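Descriptive analysis of the structure
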Amino acid sequence: MAAAAGAGAINSGLRSLLLNTTLRPFTSSFLRKLPLPTYLYLPNTPSHNNFSHRPFCSISPLTTSQEDNFSNPNSKSRPNVLHILEERGLLESVTSDSLRSVCSDPNLGPLKVYCGFDPTAESLHLGNLLGIIVLSWFLRCGHNAVGLMGGATGRIGDPSGKSLERPELDLVTLEKNISGIAGIVKKILVYSPGVCENAGEVQILNNYDWWKDVNFLDFLRNVGRYARVGTMMSKESVKKRLENAEQGMSYAEFTYQLLQGYDFVHLYEKEGVNVQIGGSDQWGNITAGTDLIRRLIGKSSENGAVVGNVPVVFGLTFPLLLKSDGTKFGKSEDGAIWLSASLLSPYKFYQYFFTVPDDDVVRFLKILTFLSIEEIAELAKDMGKPGYVPNTAQRRLAEEVTRFVHGQEGLEEALKATEALKPGNADTKLDWKTIEGIAADVPSCSMNHEQVLNIPILDLYVSSGLLESKSAARRMLKQGGLYLNNAKVDSESKKIEADDIVDDKVILLSAGKKNKMVVRIS
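The structure displayed is predicted, hence computed values, not measured ones.

Summing up its helical and strand segments, the protein has 22 helices and 14 strands in all. Out of the 522 residues in the protein, the part that is buried amounts to 51%. Here the contacts in the protein between residues at least 6 apart in sequence split such that 76% fall between residues at least 24 apart. Total accessible area on the protein is roughly 24000 Å²; 51% of this is exposed by carbon and sulfur atoms.

Another aspect to go through is the packing of helix α13 (residues 256-271) against helix α14 (residues 283-296). Axis separation between α13 and α14 bottoms out at 7 Å; the angle between their running directions is 55°. Accordingly, the angle class assigned to the pair α13 and α14 is oblique. Both α13 and α14 take part in a crossing whose hand is right-handed. Contacts from Tyr 256, Gln 257, Leu 258, Gln 260, Gly 261, Tyr 262, Phe 264, Val 265 and Tyr 268 in α13 reach Asn 285, Ile 286, Ala 288, Gly 289, Thr 290, Leu 292, Ile 293 and Leu 296 in α14.

What follows covers the side chain of Asn 206. If you trace the backbone, Asn 206 turns up in strand β5 (residues 202-206). Assessed through its relative accessible area of 16%, Asn 206 is described here as buried. Side-chain polar atoms of Asn 206 contact the backbone nitrogen of Gly 151, separated by 3.1 Å. When sequence neighbours within four positions are dropped, the list of residues in contact with Asn 206 reads Leu 148, Met 149, Gly 150, Gly 151, Ala 152 and Ile 178.

Turning our attention to helix α16 (residues 358-368). Taken as a whole, α16 has its buried residues at Asp 360, Val 361, Phe 364, Leu 365, Ile 367 and Leu 368. Buried residues along α16 sit against α6 (126-140), α15 (346-354), α17 (373-383) and α18 (392-420).

What follows concerns the nonpolar core. Where a protein is soluble and globular, its nonpolar side chains tend to be buried together. Among the nonpolar cores identified, the biggest contains 74 residues, and Leu 129, Ile 132, Phe 138, Ile 277, Leu 316, Phe 353 and Leu 368 are the most heavily contacted of them. Looking at this core, the element that brings in the most residues is α6, giving ten residues. Setting aside its immediate chain neighbours within four residues, Phe 353 contacts Leu 126, Phe 364, Leu 368, Gln 394, Leu 397, Ala 398 and Val 401. Judged by nonpolar contacts, the second largest core, of 27 residues, contains Leu 205, Val 238, Met 249 and Leu 267.

Attention shifts here to the environment of Lys 488. Residue position: Lys 488 is located in strand β12 (residues 487-488). Each C-alpha atom, one on Lys 488 and one on Leu 477, is 8.9 Å from the other, the two residues being eleven residues apart in sequence.

Here we take up the sheet that holds strand β14 (residues 515-521). Whenever strands of a sheet pair, they do so through backbone hydrogen bonds, lying parallel or antiparallel. Spatially, five strands are ordered β10-β14-β13-β11-β12 in an open sheet, and the strand pairing comes out mixed. Looking at which strands have only one partner, the edges of the open sheet turn out to be β10 (444-447) and β12. The sheet contact formed by β10 and β14 spans four bridges and is parallel. Within β14, the position partnered with Cys 445 by the bridge is Val 519. Seen against the sheet, helix α19 (residues 432-439) touches β13 (506-511) and β14 and runs at an angle of roughly 55° to β13.

As a further point, take a nonpolar patch on the surface. Taken together, Phe 216, Leu 217 and Leu 220 make up a surface patch of nonpolar side chains, about 320 Å² in accessible area. Tracing the sequence through the fold places Leu 217 in helix α9 (residues 216-222).

The next point concerns the pairing of strand β6 (residues 275-279). Burial within β6 is extensive, with five of its five residues counted as buried. Inspection of the sheet shows β6 paired to strand β9 (residues 314-318) by five bridges, in the parallel sense. Bridging across to β9, Val 275 finds its partner in Phe 314.

A word on the pairing of β14. Along a regular strand, successive side chains alternate from one face of the sheet to the other. Of all the seven residues making up β14, five are buried; the element is thus mostly covered by neighbouring parts of the structure. Note that β13 and β14 share six bridges and pair antiparallel. Along β14, the bridge assignment pairs Ala 511 with Asn 515.

Turning next to the pattern of salt bridges. Applying the stated criterion across every chain yields a total of 15 salt bridges. The salt bridge partner of Lys 381 is Glu 378, with a shortest N-O separation of 3.5 Å. In this pair, Lys 381 and Glu 378 both sit in helix α17, three residues apart, roughly one turn of the helix. Residue classification places Lys 381 among the partly exposed residues on the basis of a relative accessible area of 48%.

Turning our eyes to something else, we now look at unusual backbone geometry. Backbone geometry at Asn 391 places phi at a positive 70°, although glycine is not the residue there. Tracing the chain through its elements places Asn 391 in the loop between α17 and α18. The phi angle at Asp 503 is positive, at roughly 55°, despite the residue not being glycine. Here Asp 503 is to be found in the loop between β12 and β13.

With that settled, the discussion passes to the packing of aromatic side chains. Scanning the model with the defined rule gives eight aromatic pairs in all. Residues Trp 137 and Phe 370 carry aromatic rings whose centres are separated by 4.8 Å and whose planes lie at 50° to one another, so their mutual orientation is tilted. Here the residue Trp 137 occupies a position in helix α6, and Phe 370 occupies one in the loop between α16 and α17, the gap between them amounting to 233 residues. For Trp 137, a relative accessible area of 4% gives the class buried. Ring pairs connect the aromatic residues Trp 137, Phe 370 and Phe 404, which therefore count as one cluster.

Attention shifts here to α18. Given a rise of 1.5 Å per residue, 29 residues ought to cover 42 Å, yet the end C-alpha atoms of α18 are separated by just 19 Å, more than 12% below that figure. At His 406, α18 shows its maximal bend, which comes to roughly 125°.

Reading guide: rules and limits
- Residues numbered from 1 in each chain as written.
- Predicted model: local features only at pLDDT ≥ 70, side-chain atom pairs only at ≥ 80, totals over all residues.
- Heavy atoms only, no water.
- Helix = DSSP H or I, 4+ residues; strand = E, 2+ residues; numbered from the N terminus.
- Buried < 20%, exposed > 50% of the residue type's maximum accessible area, 1.4 Å probe, protein only.
- Contact = heavy atoms within 4.5 Å.
- Areas by Shrake-Rupley, 256 points an atom, 1.4 Å probe, with all protein chains shown as cover.
- Axes fitted to C-alpha atoms, helices over the stretch in contact; angles between N-to-C directions.
- Parallel < 35°, antiparallel > 145°, perpendicular 65-115°, else oblique.
- Left-handed = near helix turned anticlockwise from the far one by under 90°.
- Polar contact = N/O pair within 3.5 Å; in protein donor to acceptor, adjacent residues only side chain to side chain.
- Core = buried A, V, L, I, M, F, W, Y, C linked by side-chain atoms within 4.5 Å.
- Pairing = 2+ DSSP bridges.
- Patch = residues over 30% accessible without salt bridge, like charges linked within 9 Å, V, L, I, M, F, W, Y side chains within 5 Å.
- Salt bridge = Lys/Arg side-chain N within 4 Å of Asp/Glu carboxyl O.
- Phe/Tyr/Trp six-rings, centres within 6.5 Å; stacked < 30°, edge-to-face > 60°.
- Expected span 1.5 Å × (residues − 1).
- Bend = angle between axes of the 7 residues up to and from the residue.

What follows is the structure, given as structure tokens:
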């Protein structure tokens, strides 16, 4: 009952305010008198570092301009992004249920949603992908998105989910990490195929831009006085660390939640951001922000922070992406699934999803792709039918996620490399770039032209190290298992010719289906 009443109050207050003022000029002095945050729900808010989307997608029935949503009371409501997230298993908690009605009300402007990324490595990894996907769902439903780089908070390190304090990064490494992560977020959110023409804008910001001008005394006076130590101590990330008397928690880490909370305050006041999203382990940091906004801005008579006693800022968390064994995807372990092509090739990224267990594939299709629930249900149904071709669902998953992260070009590179690694697939023309694309994933060696040209094929298998002896190579040849650039080797009298060196740079040797060697020619 309370949630319903709150939702009604905020909708009534916002609707009355917006509809009754659409014919009046929005001057800065007028805005300061509004009983709402200056930037909240207003169309065409000025912003910087904005990027637009192009192709139209069918899930968004929005009109072509945001203003039409204000002037046309009969316009269709935008898709309810919370319902979509909930249906797909991407919704864990929200700070207020009124977000459910606010996000799809046609009489209110789009939300502005942010997700933060601390630059602890030069690339994001698979565990970070859910934040980008949830931002993309907001975009596809007509809202605006902000990717926040933690240039300041990254110098402290988020203690959430960590048993030890993060190592301090030098400034050169930090800048490199910020550049790499910002590039990934921008590339995925701005240039992803299939994102709606009427999707909102994307901003990439760095919190160091405002933190660099904040001194310690100002921070204590303006932020610290409104922070309750008891509340901070009750956060799960703090309690778990304090339970370990040997490790404990530094003061710097303890204040991290205030730093992130103030980010929300700044983004709310200066950029019109009204929703923060994050993984379930970020709940304490997110609520620290909504609480600071109520305490700081709610004290201002010029810029109230509530309508009908309901906060006009919201926090939303999604479940962490876990492996089948219940552990998180991370960057510190071997075999991290990086989102950067420079750290993990599109081919290897594709192969990871192509080989996920059947028990995980339907769940991953729901949370990691934008396929309709109906299409995913059909794929799941087909998996139980006689004659189902193994890995069909995995292939679709791999294609969708690789396209989202690496674009169509990255997907084509992955597919081409996959075909190149199939011995006997002589119809696939190999080139130097394709072979180099798989070189990081198979053994390789370097030889000069004199070592390679005109030597017997069996000798090359031995000198490259792929097979231990000519007799082993001869046995494999008789079994039909030797391949040169994917073409089957039929005779041991075969010698290496200039045409066998792909683009005069590489040779791909195969012994059986799995044993391969890339020979680089110098």
